[in-house]
Structures are given as C-alpha cells and as structure tokens.
Amino acid sequence: MNRPLRAGFIGGGFMAAVHTRAGRAARGVPAALASSTPERGERAAAALGVERAEPDADRLTKAGDLDVVHVCSPNRLHVEHTLAALAAGAHVICEKPLATTAADAERLVRAAREAGRVAAVPFVYRYHPMARQARALVADGQLGTVLTLDAGYLQDWLLDPGDTNWRAHPEAGGASRAFADIGSHLCDLVEFVSGQRIHRLSARTRTVFPERGGEQVTNEDTAALLVELGNGALGTLLVSQLAPGRKNSLTLELHGTRRSVRFEQERPEELWIGEREGSRLLLRDPGAAAPDSARLSVLPPGHALGYQDAFTAFVADVYAAVQEGSHPEGMPTFADGLRAARLTEAVLASAAGRGTWIETAPATEDPA
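Note that the structure is predicted; figures quoted are calculated from it, not measured.

Calculation rules
Along each chain, residues carry numbers from 1 onward, in the same order as the chain's sequence is written. In view of the model being predicted, local features appear only for residues whose pLDDT reaches at least 70, and side-chain atom pairs are presented and counted only at 80 or more, with totals across whole chains, interfaces and linings using the full set of residues. Side-chain calculation: all heavy atoms of the structure are included, whereas hydrogens and water are not. Nonpolar core, defined: a set of buried Ala, Val, Leu, Ile, Met, Phe, Trp, Tyr and Cys residues in which side-chain atoms within 4.5 Å join the residues together. Three exposure classes are used, based on accessible area relative to the maximum for each residue type with a 1.4 Å probe and protein chains only: buried under 20%, partly exposed in between, and exposed over 50%. Here a strand is any run of E in DSSP of at least two residues, a helix any run of H or I of at least four, and the numbering for each starts at the N terminus. The contact criterion used is simple: two residues touch if any of their non-hydrogen atoms lie within 4.5 Å. Axes here mean lines fitted to C-alpha atoms, for a helix over just the part in contact, with angles spanning 0 to 180 degrees between N-to-C directions. Roughly parallel means an angle under 35 degrees; roughly antiparallel means over 145; roughly perpendicular covers 65 to 115; every other angle is labelled oblique. Gly is placed with the polar residues, together with every amino acid not listed as nonpolar (Ala, Val, Leu, Ile, Met, Phe, Trp, Tyr, Cys and Pro) or charged (Asp, Glu, Lys and Arg). When DSSP finds two or more bridges between two strands, those strands count as paired. Take a side-chain nitrogen of Lys or Arg and a carboxyl oxygen of Asp or Glu: if they are within 4 Å of each other, that pair is a salt bridge. For this analysis, a ring pair means two rings from Phe, Tyr or Trp (six-membered ring only for Trp) whose centres lie within 6.5 Å, classed as stacked if their planes differ by under 30 degrees, edge-to-face if by over 60, and tilted for the remaining angles.

Caption draft 1: Up close: the nonpolar core. Counting residues in hydrophobic clusters, the biggest one holds 40 residues, and the most contacted among them are Leu201 and Leu225. Examining the composition of this core, we find that 9 residues originate from one element, helix α8 (residues 178-194), more than from any other. Among all residues touching leucine 201, those that are not within four sequence positions of it are Leu225, Leu226, Val227, Leu343, Ala346, Val347, Ser350, Thr356, Trp357, Ile358 and Thr360. Core analysis: the second largest hydrophobic core is formed by 32 residues, Leu5, Ala16, Cys72 and Val118 among them.

Given below as structure tokens:
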C-alpha cells in the first residue's frame, strides 16, 4: 500500500486534535470525523481540517473508505467503537485505557488478532528519544543491576472540587480514573525502560472530592504504589491529578549498582545521569545516541522535540506497520493496553484491601 492512509477519528476533543495533527504529520489523510452529536462533529471537523464529518461513529466505521480509525471517544465506548472499526476492516489506534475492564481488553486483543489488523494504543512517552536512550543505557548494562526506582505522574487539572470532566464519573470513565488515565502511562514507561515487568504491587488510592459538578464521584484522584520488578528491584510510584502547579509531570528515575538515570517528560531533551563521583546531564544528540533513540531524533540538537513530536512518531510507526506489514521496535499494541488494564484492576484490588500485595506477573497464556 503506497498511497497515503485515509484516517477516521471518533471524538472531537483534545485528544482528537492531537491525533489529527499526528496523522497529518505522518502523511495520512484526515478523511472523516464523528463526535458525540452531528453538530459537534461538524464543528470539530472544520476546526481540525478533516475532510468531512459523519453524523455518528456507526456511519464513520461503515463508510468503507478508511484504512485506519483513531478511537478518541470516552472510555466506556472504546470497546464498541473498536469492535465496529475492526469489523469494517480498518486498522485501529485506540486511546487508553483500551477498555475499562481487563475482560473487555482481552476481547479487543482477540478481535484484532482474528481480524489480522494493526491495533495500537498510544503509550507515546516511549517515543521521546531520551526515553529510548534511557532504555538503551539499561539494556547495555551501563546502570549495572537496577535496584530501586522512583516514579511519578502529577497533574493539577482536577485540583478544585468545581473542576469536572466525564472521566470523573465511573459510568463514562470507568472504575479507575487517575491510575487508568495517567498511571497506566507511568507503569508502561517503567516496564519499557527498565526491561522488567512489575511482578507485584501494593496500592492505596484516595478520592478527595466525593462530588464534582453535582454528580457523585467514586473513582480515585490519587494513587500511591509500592512495586517489585521481576529482578527484585523495589520502587515507589505516585499518581495524582491534584498536585498544584504540576501540569504533566511524568518522571522516572532508576537506580542501578553503577549509575542512576532520570527522565522527565517536561524536560524531554535531557537525561540526568547520577554517579557516586559526580552527576551530569546528557543532552539529546542523534550523532551520539543509541540507534533506537537516533531514529526518533528528527531534528538536530538544540531544536527541541516534545509531546506532539512523540505522538507523531508513534502514529508514523503505526501507519508504517499498516503499509509495510512491519512491527517497528517498541510500538505499543493492544497487548500493552491489556497489560495496563490488568495492572489497573490490580491497583483497585490492592486498594480495596488497604494495600494488600497483588501478584501482577504476566500470564503465561495470553490472548495476544
């Protein structure tokens, strides 16, 4: 398939804007968009430069001229919209969480496999060149054996009780909010960079405001985890959407027997390298980077790359997988979305047991 891919988008909000920009930059054609109402779809399509609006998701998935469908709808609709897109023969990029239950995520993994379609989830922080560089340092043994880790994902957009969003209501967002929304990104990056799976965890969660926008809230505002990796490394993870001044503060610090490394999403052009005899900053430089990092460094040093660039690189990999039948290194698939759903359920189960340790080692038999 040499022609540009024609892409459809379900949803018209912030993430749809990110997806359409990435799709266009990845040389796709933003062909159709559907939102929650025909009127919203028309407005979003015009604002985002999409060729046409469809009245609803059903009409979009049945249009017949789309190669790939980006599912950016509320969490509770991901299963319905993804299954419809796969049934119509489209490849799918589905926003995380892939589904609000692990059982539904398993259904989607199986459906994508049976359909023979490329199916991806945008864990896009993998696509920062310096996150890949940190991964290469670990894989090359430059940290030594990883002993501990300290990670967090902090935001403040739901700081006040008057702040509300559909994600805060379980019927739309699911049983978990803060962890499913941003903690899933954090755990994915922990496992991706460290090369180790989380084998067990202990979690506590808190819902600070039981009501938002006149509606009852039961999913969490914050989550704190202790984790043990497959090699025995211990770590702490803090997730919050009520951290004043923190807009999108994802950080990952790994401590090895030789060196430490720290990646900060809001400072994506650098890594902090810690050593006993002194520390330094490693700046992005494709000429000296690991091959997987250099591949994503599409601009010279000093020309900053950020979140949208990472998202575009992800979409470009997915589109390449569709067109070439390849699987680019590190491209997150529905199997990774299923992993996140299982970790989310483990966090909720542990929190319900007031910090009970839950085993989370990957299953030996997996629908992926």
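Caption draft 2: Representation of unusual backbone geometry in the model. With omega at -5°, the peptide bond leading from lysine 96 into proline 97 counts as cis. For proline 97, the position within the fold is in the loop between β5 (91-94) and α5 (102-115). In the Ramachandran plot, arginine 27 falls in the positive-phi region, its phi being about 70° despite a non-glycine side chain. With respect to the helices and strands, the residue arginine 27 is situated in the loop between α1 (14-25) and β2 (29-34). Arginine 27 gets classed as exposed once you look at its relative accessible area, which sits at 72%. One non-glycine residue with positive phi stands out, namely arginine 354, at about 55°. As for its placement among the helices and strands, arginine 354 is situated in the loop between α11 (334-352) and β17 (358-359).

Caption draft 3: A look at the packing of helix α6 (residues 129-139) against α8. For the pair α6 and α8, interaxial distance at closest approach is 7 Å and the crossing angle is 45°. On the basis of their axis angle, the class for α6 and α8 is oblique. Contacts between α6 and α8 involve Ala131, Arg132, Ala134, Arg135 and Val138 from the first element and Leu189, Phe192, Val193 and Ser194 from the second. The residue makeup of the contact of α6 with α8, split by class, is 6 nonpolar, 1 polar and 2 charged.

Caption draft 4: View of the sheet that holds strand β16 (residues 278-283). The sheet built from 9 strands is open, its strands ordered β16-β15-β14-β13-β7-β12-β11-β8-β17 with mixed pairing. Edge positions in the open sheet fall to β16 and β17, since each of these has one partner strand only. Where strand β14 (residues 260-264) lies against strand β15 (residues 270-275), 4 bridges are found, and the strand directions are antiparallel. Counted as the bridge partner of serine 260 is glycine 274 from β15. Those strands touched by α6 are β7 (146-154), β13 (249-256), β14, β15 and β16, and its axis lies near 30° from that of β15.

Caption draft 5: Representation of the pairing of β14 within the structure. Where β13 lies against β14, 5 bridges are found, and the strand directions are antiparallel. For glutamate 253, the partnering residue across the bridge sits in β14 and is arginine 262. Counted between consecutive antiparallel strands, the loop separating β13 from β14 contains 3 residues. A loop of 5 residues connects β14 with β15, the two strands running antiparallel in sequence.

Caption draft 6: Spotlight on the pattern of salt bridges. Taken as a whole and assessed by the stated rule, the structure comprises 29 salt bridges. The residue aspartate 156 makes a salt bridge to lysine 247 at a minimum N-O spacing of 2.8 Å. Of this pair, aspartate 156 sits in the loop between β7 and α7 (170-173) while lysine 247 sits in the loop between β12 (234-240) and β13, and the two are 91 residues apart along the sequence. Residue class for aspartate 156 comes out buried when judged on its relative accessible area of 14%. A relative accessible area of 54% places lysine 247 in the exposed class. Salt bridges sharing common partners tie together Arg132, Arg135, Asp292, Arg295, Asp317 and Glu329.

Caption draft 7: Molecular detail of the packing of aromatic side chains. This structure, assessed with the given rule, holds 5 aromatic pairs. When the centroid spacing of 6.1 Å and the interplanar angle of 40° are considered together, the rings of tyrosine 125 and tyrosine 307 count as tilted. Taken together, the positions of tyrosine 125 in the loop between β6 (119-120) and α6 and tyrosine 307 in helix α10 (residues 307-324) put the pair 182 residues apart, joining distant regions of the chain. With relative accessibility at 24%, the residue tyrosine 307 sits in the partly exposed group. Between phenylalanine 311 and phenylalanine 314, the aromatic rings sit 6.0 Å apart at their centres with planes inclined by 90°, giving edge-to-face as the arrangement. Taken together, the residues phenylalanine 311 and phenylalanine 314, both in helix α10 and 3 residues apart, mark about one turn of the helix. An identical accessibility class is assigned to phenylalanine 311 and phenylalanine 314; each is buried. The structure contains a cluster of three or more aromatic residues connected by ring pairs, namely Tyr125, Tyr127, Tyr153, Tyr307, Phe311 and Phe314.

Caption draft 8: Region of the structure containing the sheet that holds β2. Across the sheet, 6 strands lie side by side as β3-β2-β1-β4-β5-β6; this open sheet has parallel pairing. Strand pairing shows two members of the sheet lacking a second neighbour, β3 (52-53) and β6, which therefore form its edges. The pairing of strand β1 (residues 6-10) with strand β4 (residues 68-71) spans 4 bridges and is classified as parallel. Each residue of the ladder has a partner; that of glycine 8, found in β4, is valine 69. Packing against the sheet, helix α4 (residues 78-87) makes contact with β1, β4 and β5, and its axis sits at approximately 165° to β5.

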